[in-house]
Structures are given as C-alpha cells and as structure tokens.
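Reading the structure
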Amino acid sequence: MPVRRLPKGTIEKLNIGLSFAEYDPALLDSGVYVRTPAISAALNPASGKLFFVGRRGTGKTALRSYCAAQGDHTRVIVPEIFSPSSIVFDLALLENAKKGPFRTLVSAFKRTLIDELLLAWSEDHPHASLPDELIIELSGTCQEDFDSRTLKSIGAVARAVGANDDSAIIAINKTTKGLIENLKLLSDQAKVGYTLIIDSIDDFWDGSDLALVLLTALMHACLEFSTQVPFARALLLLRENIFERVRERDPESSRIETSVTGLDWTQGQLLELIERRLNRQLTAKFPLGGATWDAFFEDPGHARAEVLEYCHNRPRDILIYVSDAIDLAAERRHPIIQIEDIEGARR
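As a starting point, this report considers the structure included with it. Within each chain, residue numbers correspond to sequence positions counted from 1 in written order. Local features in a predicted model are, by the rule used here, given only for residues with pLDDT of at least 70; side-chain atom pairs are given and counted only at 80 or more, and totals for whole chains, interfaces and linings are based on all residues. Where side-chain values are given, they derive from all heavy atoms of the structure, hydrogens and water being excluded.

In this section: the nonpolar core. For the purposes of this section, nonpolar cores are sets of buried Ala, Val, Leu, Ile, Met, Phe, Trp, Tyr and Cys residues that join through side-chain atoms within 4.5 Å. Only protein chains enter the area calculation, which uses a 1.4 Å probe; residues under 20% of their type maximum are buried, those over 50% are exposed, and those in between are partly exposed. Residues Leu-113 and Leu-215 are the most contacted members of the largest nonpolar core, which totals 81 residues. If near-sequence neighbours (up to four positions away) are discounted, Leu-113 is found in contact with Ile-77, Phe-146, Leu-196, Ile-198, Ala-221, Cys-222, Phe-225 and Ala-234. Within the second largest apolar cluster, 31 residues are counted, among which are Phe-297, Leu-308, Tyr-321 and Ile-337. What makes two residues a contact is simply this: any of their non-hydrogen atoms within 4.5 Å.

Running from N to C, helix α8 (residues 209-228) and helix α9 (residues 240-249) point in directions that differ by 85°, and their axes come no closer than 10 Å. One finds that α8 runs roughly perpendicular with respect to α9. Taking contact as the criterion, the partners of Asp-209, Leu-212, Val-213, Leu-215, Thr-216 and Met-219 in α8 are, on α9, Ile-242, Phe-243, Arg-245, Val-246 and Arg-249. Each residue gets one of three labels, nonpolar for Ala, Val, Leu, Ile, Met, Phe, Trp, Tyr, Cys and Pro, charged for Asp, Glu, Lys and Arg, and polar for the others, Gly among them. Counted by class, the contact of α8 with α9 contains 7 nonpolar, 1 polar and 3 charged residues. Every axis in this analysis is a line fitted to C-alpha atoms, fitted for helices over the stretch in contact. Angles between the N-to-C directions lie between 0 and 180 degrees. Under the scheme used here, helices are H or I runs from DSSP no shorter than 4 residues and strands are E runs no shorter than 2 residues, and both carry numbers assigned from the N terminus. Working definition: roughly parallel below 35 degrees, roughly antiparallel above 145 degrees, roughly perpendicular at 65 to 115 degrees, and oblique for all remaining angles.

Within the secondary structure, Arg-64 is located in helix α3 (residues 60-70). A relative accessible area of 19% means that Arg-64 is categorised as buried. Side-chain atoms alone can form a polar contact between residues adjacent in sequence; in general such a contact is a pair of N or O atoms within 3.5 Å, and within protein one must be able to donate a hydrogen while the other accepts it. In terms of polar contacts, Arg-64 uses its side chain to reach the side chain of Asp-199, at 3.0 Å. If we skip the residues at most four places from it in the chain, Arg-64 touches Val-76, Val-78, Ile-197, Asp-199, Ser-200 and Leu-237.

By the element assignment, Thr-195 lies in strand β3 (residues 194-198). Judged by its relative accessible area of 12%, Thr-195 falls in the buried class. Sequence spacing of Thr-195 and Pro-335 is 140 residues, and the spatial spacing of their C-alpha atoms is 45 Å. If we ignore the near neighbours within four places in the chain, the residues touching Thr-195 are His-73, Thr-74, Arg-75, Arg-233 and Leu-235.

All right, on to a nonpolar patch on the surface then. In this analysis, a patch consists of residues with relative accessible area above 30% that form no salt bridge, clustered at 9 Å for like charges and at 5 Å for the nonpolar side chains Val, Leu, Ile, Met, Phe, Trp and Tyr. What sets the accessible areas is the Shrake-Rupley method with a 1.4 Å probe; for residues, cover comes only from the shown protein chains. One side-chain nitrogen of Lys or Arg within 4 Å of one carboxyl oxygen of Asp or Glu is enough to make a salt bridge. Residues Leu-18, Phe-20 and Tyr-23 make up a contiguous nonpolar surface patch of about 340 Å² in total accessible area. With respect to the helices and strands, Phe-20 occurs in the loop between α1 (10-13) and α2 (37-43).

With that settled, the discussion passes to the sheet that holds β3. Strand pairing in a sheet relies on backbone hydrogen bonds. The paired strands run either parallel or antiparallel. Think of it this way: DSSP has to see at least two bridges between two strands before they count as a pair. Pairing within the open sheet is parallel, and its 5 strands lie in the order β2-β3-β4-β1-β5. Among the strands making up the open sheet, the edge pair consists of β2 (74-77) and β5 (260-262). In this sheet, neighbouring strand axes are inclined to one another by 20° on average, regardless of whether the strands run parallel or antiparallel. Both β2 and β3 contribute to a ladder of 4 bridges, which runs parallel.

Now for the layout of surface pockets. As defined here, a cavity is a set of points on a 1 Å grid over the protein atoms alone where a 1.4 Å probe fits but cannot get out. A pocket is an open set with protein on both sides within 12 Å along at least five of seven lines, and residues line them when an atom is within 4 Å of a point. Grid points are joined across faces, edges and corners, and a volume is the space filled by probe spheres set on the points. By volume, the largest pocket is sized at about 540 Å³. In this structure, the largest pocket is lined by 35 residues; those nearest its centre are Ala-21, Gly-59, Lys-60, Thr-61 and Ala-62. Among the secondary structure elements, those contributing two or more residues to the lining of the largest pocket are α2, α3, α11 (267-279) and α14 (315-331). For the lining of the largest pocket, the per-class residue count stands at 17 nonpolar, 7 polar and 11 charged. If you trace the second largest pocket, you find 22 residues lining it, with Pro-45, Gly-193, Tyr-194, Thr-195 and Arg-233 closest to the centre. Elements represented by at least two residues in the lining of the second largest pocket include exactly α2, α3, β3, α8 and β4 (232-239). Of the residues forming the lining of the second largest pocket, the biggest block, 3 residues, is contributed by β4. For the lining of the second largest pocket, a count of residues per class yields 11 nonpolar, 9 polar and 2 charged.

We now examine the state of the cysteines. In what follows, a disulfide is any cysteine sulfur pair within 2.5 Å. Under the counting rule described, the total for this entry stands at 0 disulfides. Free of any disulfide, Cys-67 has its nearest neighbouring cysteine sulfur in Cys-222, separated by 15 Å. Exposure remark for Cys-67: the relative accessible area of 4% places this residue in the buried category. The closest cysteine sulfur to the non-disulfide-bonded Cys-142 is located on Cys-222, 17 Å from its own sulfur.

Right, here's the structure in full:
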C-alpha cells in the first residue's frame, strides 16, 4: 500500500507540544494520551495501585493531568512542606515505623488527607447533612490550605512526642480515627469515588532526613487512607531516586511496595505518543501503529531506530528529539522530517 503524503506546508505548521508537561498545552487534548498500564491503574480504583514511581521525564505530571481531566471528583495536591526550615523532631524517636511517635505522625498526615476529601465532598454535596464531628472539622481545620494545616499537625505531634505527653498523642490518634469512622457513615451517599493526587514532591524537596521522614509518613498515610475510607483513594506520584531513599529508610516499606507501579514505557508506546501528537493538527488523521510515523519521516525505519534507541524509553526525550528534527526540517523547507543522526538533529 503506498504511503499517504502529507498536506503541503504541514511541517512548517507542525507543533507536537512541549517536553515539560507542566508547560505543555497539548495535554489539554485528551487525544494525545497513550493509555499506559500506569494510567489504567490510576483510573481504576480496584487496581490497588497508589504510588506511581518513575525517573525524570517519564510522565508523572502528564498522568496527573489526564486523571484530573477524566474525573470530576479528583483533587490535585502539590505540597511544599518537604523543605523544612527547622528540625522539629528528635529523628531518633521516629526510627521505628511501628512505634507510637511515627504512627502518630502518620495519623496527622491522614487527617490532612481526610480534610481534603471533606472539602471535595462539601463542594459536591452543599446541602447534605453531616455528622457533627465532620461539620466541626469543615468549619475549623479545613479552612486552611493543605500545607498550613499539615504543618500545624506536624507541630502538634512534635510537641506531644518531645514532651512524652501520652495523653496528647492519644488525642491526636483518636481525632483521626473518629473522622474516619464518621466518613464511613457517608458511604451510602457516595455514588462516586474520590481521588486525591499528590504530585511534584521533588519541586520542594531538600533531601534532608526530616523531609524523608515526613514523606515516609505521608506514604503510609496514603495507604491507610485509601484502605480505610471506602469511597476515596490518595495517589502519590514520585521520582524513582526519592522512592529508593524511602525504601532504604523504612523497615515497613514492603507494605507500600505492593501498591507501587512503575512509569515504564515500551518503544511501541513511545511511537504511539509521537504519532498521536503528529496527527493532532491534521483534519484527516493517519492510522496509528507506524503509518503516521512513515508519512512524516524520510527513511522512516532508519529514523525510528535513531530516535527510539537514543531516547532511553522516556517521553520527554523523544519529544525533545522529534521537536528538534521538526524545527530543522522547517528551517530547510523540507516537506518531511529528516533524521540523519540524532546528535546532528539536536545541534
């Protein structure tokens, strides 16, 4: 079958989007997304996957954007608490993930997630009746943003632990347990599931031991929140090297690892990613699965090998390289994209 030709002037007008998802307007178009196993798991509450781990440029922010666009009951949280300016804990007290101090820190994080869920619930059910405890929470702690209320909760735990104040520690834990029990009473009214997505941890990550302790506690809180509240999940997107530090530190990391999925890409998925973006501005679309690539590239087999073998299976890389090649073809007024060698295209 002969290869269909590109409409005249396609290369000059072609824009496949930006390689950094935070700034990429192409992500507003649902047609550019590839349904990877990670996206499928994130959209499926029954998957049991809560932690999405990948290297830089493997699509964490794109996954967040897609899930947020697909669900009306999704809230995105970008916490800024992982660059703490002071040591509020004796970190030795938090070494054991099974003991009271660390468990109370988990409880404090769980409460902040509950508050976020309550805010989402109240927006969807402005006239619904709530148990008194949830009404008090909504009119009190929930009035602050995620970071403010989380920092206050962490400070309360630090003071209780530092003073060996068992009654204060018990009170913190009981408050969280009470909120969860009251949330369970809403299960019959919850016709849909709610999803909290926590992303961009590394934007405010200072790598300190305290930041690592806080993140470990947050991950345990996400797991417990997602299993204890029947109609809600908390998903956390995390860079691979940071997750490895959590694993090294946390003796209870096996509880988390069963809920982890990697943001891995095959060459076939990367090819689909580029083909969807190449097709985006065309009225008559080319078929996926190789035909789009073949229509846009000169010597398509050679070009595919050059690009896919060089990009380390990361969407960001392939977007950068193909964008450079498109710019070069437009500059030379070439009707299709040439890839002589990938380094040459980048220069």
